[in-house]
Amino acid sequence: NDIQVIVVDDASDPQVVDFERYRSLADEHVEIIFTTEGLGAGYARNVGLGHARGKWLMFLDSDDFLLPSALELIDRYSASESDIVYFNIKSCYSDTMLPAWRHEKFQAAFANYTAQSGQLDKFLRYGYCEPWGKLIRRSFVTSNGFTFQESKVANDYMFSMQTGHAASKIELCTEALLCVTVRSGSLTSDHFGSDENTMNKLKVFIGVQKFFDENRIKRE
């Protein structure tokens, strides 16, 4: 009851989504925002940011899901003084629910760098490029004016780099908060599926590299 759930539906296909029986429309803790622009996940996240009122922000893509331990983990870290709390994740294939590969870089980093706090700190701040799997202090985001790029692909990279770099204190929980899926046809699996996606992602990476250069960050 103390969690605000914001769902941003940005121009879903009415042939796929039954809007007349949209789930959670009557739930007082769920705010559903319908937009028609169809501008992608970065735009949808920015819309959600504008409606958030809680102490913490946590992002979840529509094809991923929280694990049964998620609420307990959120409660455990709700009083943290960190700007960002990073969590481990799991991954699976959406059609079979069998374990997939998207969690492997996180598990490897946590296993290899646990005793090397400097390297782990760098991975969390600059290698954990996704917005999900984190509790991010809302006041930290708003006071710095951080928003997502409204690109169809890789819209979360710059947000993750900027927040990771600016956070005065970060924290790691090696327990998994959510499960991300691998789905055929998703943007994650098809980043370079079109010339437009390729160019958009290239522009984002150039911007990230410029950010690293300006802040003298060496990414290994």
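Nothing here was measured: the structure is a model prediction, and the numbers come from that model. (Residues numbered from 1 in each chain as written. Predicted model: local features only at pLDDT ≥ 70, side-chain atom pairs only at ≥ 80, totals over all residues. Heavy atoms only, no water.)

Draft legend 1. Region of interest: the overall build of the protein. Regarding its fold elements, the protein presents seven helices and seven strands. Element order for the protein, N to C, with α for helix and β for strand: β-β-α-β-β-α-β-α-α-β-α-α-β-α. On C-alpha atoms alone, the protein measures out to a radius of gyration of 17 Å, which is about the 17 Å that the 2.2 N^0.38 rule sets for 220 residues. C-alpha extents for the protein along the principal axes are approximately 50 × 45 × 40 Å. Taken over 220 residues, the protein has a buried fraction of 43%. In the protein, the proportion of contacts linking residues at least 24 apart, taken out of those at least 6 apart, comes to 74%. Split by element, the accessible area of the protein, about 12,500 Å² in all, is 50% carbon and sulfur. Side chains of the protein give 23 positive and 31 negative charges; the mean places of these two sets differ by 7 Å. (Helix = DSSP H or I, 4+ residues; strand = E, 2+ residues; numbered from the N terminus. Rg over C-alpha atoms; globule rule 2.2 N^0.38 Å. Buried < 20%, exposed > 50% of the residue type's maximum accessible area, 1.4 Å probe, protein only. Contact = heavy atoms within 4.5 Å. Areas by Shrake-Rupley, 256 points an atom, 1.4 Å probe, with all protein chains shown as cover. Lys, Arg positive; Asp, Glu negative; His and termini not counted. Charge placed at Lys NZ, Arg CZ, Asp CG, Glu CD.)

Draft legend 2. Examining helix H1 (residues 41-51) more closely. Most of H1 sits out of view: eight of its eleven residues are buried. Buried residues belonging to H1 abut strand E1 (5-10), strand E2 (30-35), strand E3 (56-57) and helix H5 (138-144).

Draft legend 3. View of a nonpolar patch on the surface. A contiguous nonpolar patch, built from Ile3, Val5 and Leu71 and spanning about 240 Å² of accessible area, is present on the exposed surface. Within the secondary structure, Leu71 sits in helix H2 (residues 70-77). (Patch = residues over 30% accessible without salt bridge, like charges linked within 9 Å, V, L, I, M, F, W, Y side chains within 5 Å. Salt bridge = Lys/Arg side-chain N within 4 Å of Asp/Glu carboxyl O.)

Draft legend 4. Representation of the environment of Gln209 in the model. Note that Gln209 resides in helix H7 (residues 195-214). What makes Gln209 partly exposed here is its relative accessible area of 41%. A sequence separation of 51 residues divides Gln209 from Met158, and the C-alpha atoms of the two residues are 9.8 Å apart.

Draft legend 5. Examining the pattern of salt bridges more closely. Across all of its chains, the model carries eight salt bridges by this definition. Between Arg53 and Glu31 there is a salt bridge; the shortest N-O distance is 3.7 Å. On the criterion of sequence distance, the pair formed by Arg53 in the loop between H1 and E3 and Glu31 in strand E2 is long-range, its members being 22 residues apart. A relative accessible area of 25% places Glu31 in the partly exposed class. Arg45 is the partner of Asp61 in a salt bridge, and the nearest nitrogen-oxygen pair spans 2.7 Å. Residue Asp61 is located in the loop between E3 and strand E4 (65-66), and its partner Arg45 is located in helix H1; the two are separated by 16 residues in the primary sequence. Relative accessible area serves as the criterion here: at 24%, Asp61 is assigned to the partly exposed category.

Draft legend 6. Focus on the packing of aromatic side chains. Within this structure, the stated rule accounts for 14 aromatic pairs. Centre to centre, the rings of Phe140 and Phe146 are 5.7 Å apart; their planes meet at 65 degrees, and the pair counts as edge-to-face. You can call Phe140 buried: its relative accessible area is 6%. Note on Phe146: relative accessible area 11%, which makes it buried. Put simply, the rings of Tyr86, Phe106, Phe110, Phe123, Tyr128 and Trp132 touch in pairs and so form one group of aromatic residues. Over the ring of Phe148 we find Arg45, and its NZ or CZ is 5.3 Å from the ring centre. (Phe/Tyr/Trp six-rings, centres within 6.5 Å; stacked < 30°, edge-to-face > 60°. Lys NZ or Arg CZ within 6 Å of the ring centre and 35° of its normal.)

Draft legend 7. How the structure looks around the sheet that holds E4. If you walk across this open sheet you meet the five strands as E3-E6-E5-E7-E4, and the pairing is mixed. Where the open sheet ends on each side, the last strands, each with one partner, are E3 and E4. Sheet topology places strand E5 (residues 84-93) next to strand E7 (residues 170-182); ten bridges connect them, and they run parallel. Its bridge partner lying in E7, Ser91 is registered against Val180. (Pairing = 2+ DSSP bridges.)

Draft legend 8. Structural view of the side chain of His103. Mapped onto the secondary structure, His103 falls in the loop between E5 and helix H3 (104-113). A polar atom in the side chain of His103 sits 3.2 Å from the backbone oxygen of Ala100. Those residues in contact with His103 that sit more than four places away from it in its chain are Ile89, Lys90 and Ser91. (Polar contact = N/O pair within 3.5 Å; in protein donor to acceptor, adjacent residues only side chain to side chain.)

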